[in-house]
Amino acid sequence: MNDFWARAAAQLSDDERRNINFSRPDKLNILAELHAEAEQARQRCVKSRWKYTRKSGETVIIRDVFDKMVRWIDMFKQIGDIAVQYDPVHASLPWAGIRLVLQIAVNDTNKFASVIEGLAQIAQLICRYAVIETLYLQGTTNAIEELEKALVWLYASILSYLSKAKQYLEQGTTKRVLKSAISAETQFEPDLSNIRTAQYDVDRCMALVDRSDKIDDHAQLVRLLGSIDAPLRRMNDDLTNLHDDLQAPKRAVILQWLSPEPYIQHHRQATQGVLAGTGQWLLSDPVFKEWKNESASSILWLHGIPGSGKSKLVSIVIEDAWRTFRAGDSPQPVFFYCSRNPAEPARSDPEAILASLARQLSCLEPGRPLMRPTVNLFKKKEEEGFASGSLQLDDSRTLILQLIKQYPLTTIIIDAVDECDPQKRREFLRILEQILQNASSLVKMFISSRNDQDIVLLLKDYPNLEIDSRKNSNDIARFVEDQTKQLIKNGDLLQYSTSPADMEELIVSKVVEGAGGMFRWASMQLQYLCSFDVDDDIKNNLGRLPPDLYTLYTEIYTFLSRRPGEIQATIFSNALHWLLCAGRSLNTEEFLCAVSLNTKSRNPASLVSKDLVLKTCNNFVIFDSQLDTFRFAHLSVREFLEQRPDYSPSHTNALAAEICLWTILSTNGNLAAENSLPPRRSPGNITPAMIQKLSKYADMYWPVHCQAAGDSRKSGRVNMALAHVTSEDSNEPCWLEHWHDRLQRHLVGVVNWRLKRQLRDAVLVAYSTTAARLFISCVFNFEEQLQDLVGGATPIKSWVNKEGRGLLEVAAKYGSCAVIDYLFKQDQQHIKITEEVVKVAARNYSSGKEVMMLLLDRRGNDVQITEEVVKAATGNYGCGKEVITLLLDRRGNDVQTTKIITKVALGKHKSAKDLMTLLLNRQEDNIQITEEILTSIVRRFDKEVMTLLLDRRGDDVQISEKVINAAADNQENGKEIMTLLLYRRGDDIQITEEIVISIARHFNKEVMTLLLDRRGDDVQITEKVLEAAACNRGGKAVIEFLLERDPSLLITEDIIKAAASNRGGKVTPAGKPVIEFLLERDPSLLITEEVVKAAACNRGGKLNPGGKAAIGFLLERDPSLSITEEVVKAAASNPGGKAVIEFLLERDPSPSITDEVVKAAAGNVGGKVVIEFLLERDPSLLITEKVFEVATCNRGGSAVLVFLLTRDALLSITRGKRSSNRGSVGNTACPVFRSGALSLRPYSTAQNLH
């Protein structure tokens, strides 16, 4: 058989051949060695979470690339096993090349970044074309000869790339940088492009060759070829073994707290009507396949015109991802269907969207145990009494990033981003980008939207697919054919046709031709044609099909609204009005009652049916069976109606308000009350059944609809109904009082927090109709009600509601500016501007600036700008910056800028950077730069804010040890800030040993170098400094640098102990490399028991073996080291000590597990797993009373004690004296616990058991 790789090598230049001279006698071992090295590198990537950013911006997860490489190596082995005629030795040349390049790059992340993806691609090509050789090169035809030449060219291009990569990587870093100003990614692009071109040529030649099906194992090779191109399996099987120690009801509570959104029902609704086989053009599109399969975290943006089927395509993508999950090849996707619908406000709110994504990521699938980050967050919020309410954007982002770490792949799919709140979606997309960039595992985001300009600007640089008629024409044709047949079958279309077959063909042809990529247009057109019974009428309308959705909607709306029948016209109008303005989703019964009512008629009317509503609304409205509600068939319907004056917010809400008010007037089981109303003014078709179904909605939402009705509330039927509800006429029933009583019962189960807050402020301690009207007016800005009351003989008293708030405070809280203005004009004496009033104005999320301006304009002398007011403004996430700016403009002398700076620096305001910048620019002379302020700025902000502070007040910036520690706490910007401080203020730092120690412990070599360059003469490298450097989690670089600078420094036992106790990062151990370096530098150093104990106490990080790695290295270096009781005791006290003890006892089983060892474990925060291990190893182990005494005082909680109590039967315990160690419980006496035969006196608080 031909050796095409040898022929390819012969085509290389002498220079290239010298670089790939990998001749070695054991060629068959190359693959096994490469596999072992690739697997080892993969494990390092898993622990270190290595990634890099391409020049184009995508983040590549290196672990995923190695997963692919290991997979290709395994597949290549299968080729040799299946195809006996293929000699794997032929391909040893490129595999050896890959191995050598990998060995050069493996210890340098920057080198990794330059070649690793190319190596993985080459590994795949080697596999793929090894199969091609076997399947296609069986003969001597001209086509086969062309294919052979193309293969040799491809193989030569691969060898050329490997040769250049090896040569490039063998150069020193400085030489590589000087030689080329362009990145390595760009450096290799021409070579990778040559490989792609050669690959296309091979594939072209393959199409001209008949594949041989006579060779042995043909079917297996064909299947293997298919699997080579299949997606990588990205699943962590350990996730299936996750435990959370929670019962199912508790899990449900946590998940419901995270997000109550019924995301699965939304998906089921989206999948309804999707024809089998449609949407496959998207799943097979090269852009989609590359996004799905490559090792880079990225966004794929699907965009198109309204009605082009984006949501259906999104549902197909979700189903495709779910199939992969069910096959065990990836975690389940997380998704959200956005919707602009006032009845479902959460579906357009980024906070709710991110919270839903966090909920879905919290478990592998519904019903499974919850991830630890979610449980921890819930417990934290629970301890705070949920004072912060639902998750904020930053909370959700942080939680999502923590949860992503648990998965090898996270697929996030979001439909209709254009339907998000326009004021918030820019920040929402920015947060999605942050998640993408900061995630340590692979993240794939699939986002759909229209081509709204702000979205285009943010997503245009990401891979994208635009839906057009060329791509979805086949899907539209199938859809039209299916819908046409269904309408004919149901008797809705062509029922009286004289030539149904010809007419069906004509309709399908014309509608498909005119659709222009819009499913919505095609669907509406077919429904419109159902209005005609005669073939000629259908033909005439087919000949003048409207070219766009808006024109089509106009024609259909005109037809539906003008057809005869007053009742049907009312149903049509009411349905559209209610769907536009409903405050929440109405269930079927509520909706049918609402649309049945005709406020203009007193004639009795029966409840309409669901089918009648759907027929009357003719595909403008659909029924959502998943959530038992009606909704618009498409967002474009809502947008069309919103452009019509008769469906303005004031008109739609006026209708809803009127129906709600008349429902309230007819409630209380006393319809005879209607007799007190003026004749012909109230609707006569409200029946008791309708009242019962609509009553709760009416009670909750009538004020909301009245407020949104605007001027329509002040006259006409709405005004009349509102006058009756709020009437104080003794001749009329007290409807408002009855409503007030019902409201308090309704509020118990309200989920809408904003509405609940508003209505609670309308509730009184002792009912008074006047007070109720005043508070309702203040909450909902009903200034005309206030005028009616205050303008008459009603004095304004010091009314307070059930929450203890006065009228002005309530009006300021909800931004009721018209009411505030009127109160000020009418009654200066009783309207007091208290601190609480100014605070709620400063805190007002949406109208804070307007309310504060009104207070300052009308009663400026009475407005006191206190510290609490400043705190409220700085905590205002909505318009806090605007409020602060106004206060500085109008009352700058009264604003204590230093306190504002402190509040901003210490707070968690999402606009904190903008506020800080404003204050530094506007009030630089009035700011006292205290150490507290400086440390807070250093800890929380970035280089830009720090630069501004230094520019404005640089002379007052004093760099202390606290400031340096604060910079160390700033994980994102600490290094940049510390570097800036040293550059700008390095000469003024008072150099103390503590400052040098802090920098050595927390910062990298570059920062330490800068310190020594600027202040080297003042810096003393002491033993304590070296100890701190040995503890530096960044590894050995700092201590190596310090020892190079002063070789005379001595390495003491304390320095080695510090290195042994170095925990490193969350995934990367640092202690072992530091110890290794120190012992290589001075082999005479002694490893004492104290050093071994320090290593045994090293708890490491979440995925970092820490002490096990360090102690393993020490024992490997000196096998004579004794594993003493003190060492085992130290390991038992380590919260991550189980792995260390297990390792020690496997190596030397002789050490006894004494009472002191068990006591050490009992006092350990993570001691439960340690004691479990010890008891499993030796079930006869005696648990003494002393162990219990220590366990009861364990500061970490009750886990150890509860475990010991549950093992009652194995324990033999005696009474003893009370322990003097009370842990964290101070002098509190501890209760007696009894468990079966146990009689114990643990000395801890009872709450440790809960």
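Structure: see above.
I will try to describe carefully the structure that is included in this document. Computed from a predicted model, the values in this text were never measured in an experiment.

1. Quick look at unusual backbone geometry
Notably, Leu494 is not glycine yet its phi reads approximately 60°, a positive angle. Assignment of secondary structure puts Leu494 in the loop between α22 (469-489) and α23 (500-515). A positive phi angle is found at Asn618, which is not glycine, with a value near 45°. Within the fold, Asn618 resides in the loop between α29 (610-617) and β8 (621-624). We classify Asn618 as buried; its relative accessible area is 12%.

2. A short note on the nonpolar core
Trp578, Phe620 and Trp702 are the most contacted members of the largest nonpolar core, which has 145 residues in total. With 10 residues, the single largest contributor to this core is helix α31 (residues 649-665). Non-local contacts of Phe620, meaning those with residues more than four positions away in its chain, are made with Arg520, Met524, Tyr553, Ile556, Tyr557, Leu576, Arg631, Phe632, Ala633, Val637 and Phe640. By size, the runner-up hydrophobic cluster in this structure holds 107 residues, among which are Ile1055, Ile1123, Ala1132 and Ile1171.

3. Some points on the environment of Ser448
If you trace the backbone, Ser448 turns up in strand β6 (residues 442-449). Sequence separation of Ser448 and Glu466 is 18 residues, and the distance between their C-alpha atoms is 9.8 Å. A distance of 2.5 Å separates the side chain of Ser448 from the side chain of Asp415, its partner in a polar contact.

4. A short note on the packing of helix α45 (residues 912-922) against helix α47 (residues 943-953)
Look at α45 against α47: their axes get within 10 Å of each other, and the N-to-C directions meet at 10°. It follows that α45 is roughly parallel to α47 by the angle criterion. Only Glu944, Val945, Leu948, Leu949 and Arg952 of α47 make contact with α45, whose side of the interface consists of Lys913, Met916, Thr917, Leu920 and Asn921. Looking at the contact of α45 with α47 residue by residue, the classes come out as 5 nonpolar, 2 polar and 3 charged.

5. Considerations on the packing of aromatic side chains
A full pass over the atoms with the stated rule returns 28 aromatic pairs. Centroid distance Phe572 to Phe620: 6.3 Å. Interplanar angle 50°. Geometry classified as tilted. Of the two residues, Phe572 is situated in helix α27 (residues 566-581) and Phe620 in the loop between α29 and β8; the sequence distance between them amounts to 48 residues. With respect to burial, Phe572 and Phe620 carry one shared label: buried. Across the ring face of Phe623, the terminal group of Lys610 is positioned such that the distance to the ring centre comes to 4.3 Å.

6. A few points about the pairing of β8
Here 4 bridges tie β8 to strand β9 (residues 629-632), and the two strands are oriented antiparallel to one another. Considered in β9, the bridge of Phe623 is made with Phe630. The hairpin turn running from β8 into β9, its antiparallel successor, is 4 residues long, and Asp628 in that turn takes a positive phi close to 55°.

7. Examining the pattern of salt bridges
In total, this model carries 67 salt bridges according to the counting rule given. The partner of Arg99 in a salt bridge is Glu37, with the nearest N and O atoms 2.8 Å apart. On the criterion of sequence distance, the pair formed by Arg99 in helix α5 (residues 92-105) and Glu37 in helix α3 (residues 27-48) is long-range, its members being 62 residues apart. Note that Arg204 is salt-bridged to Asp201, the shortest N-O span being 2.7 Å. Separated by 3 residues within a single helix, Arg204 and Asp201 lie in helix α10 (residues 189-206), roughly one turn from each other. Within the structure, one salt-bridge network assembled from shared partners comprises Asp711, Arg713, Lys714, Glu783 and Glu784.

8. Quick word on the pairing of strand β5 (residues 409-415)
Of all the 7 residues making up β5, 7 are buried; the element is thus mostly covered by neighbouring parts of the structure. Across the two faces of β5 the burial is the same, with Leu409, Thr411, Ile413 and Asp415 and Thr410, Ile412 and Ile414 all buried. Summarising the sheet, β5 and β6 pair through 6 bridges and their orientation is parallel. Considered in β6, the bridge of Thr410 is made with Val443. Taking the sense of rotation as the criterion, the β-α-β connection linking β5, helix α20 (residues 425-438) and β6 turns out right-handed.

Cut-offs applied
- Residues numbered from 1 in each chain as written.
- Predicted model: local features only at pLDDT ≥ 70, side-chain atom pairs only at ≥ 80, totals over all residues.
- Heavy atoms only, no water.
- Helix = DSSP H or I, 4+ residues; strand = E, 2+ residues; numbered from the N terminus.
- Buried < 20%, exposed > 50% of the residue type's maximum accessible area, 1.4 Å probe, protein only.
- Core = buried A, V, L, I, M, F, W, Y, C linked by side-chain atoms within 4.5 Å.
- Contact = heavy atoms within 4.5 Å.
- Polar contact = N/O pair within 3.5 Å; in protein donor to acceptor, adjacent residues only side chain to side chain.
- Axes fitted to C-alpha atoms, helices over the stretch in contact; angles between N-to-C directions.
- Parallel < 35°, antiparallel > 145°, perpendicular 65-115°, else oblique.
- Nonpolar A, V, L, I, M, F, W, Y, C, P; charged D, E, K, R; others polar.
- Phe/Tyr/Trp six-rings, centres within 6.5 Å; stacked < 30°, edge-to-face > 60°.
- Lys NZ or Arg CZ within 6 Å of the ring centre and 35° of its normal.
- Pairing = 2+ DSSP bridges.
- Salt bridge = Lys/Arg side-chain N within 4 Å of Asp/Glu carboxyl O.
- Right-handed = clockwise from strand over helix to strand, strands pointing away.

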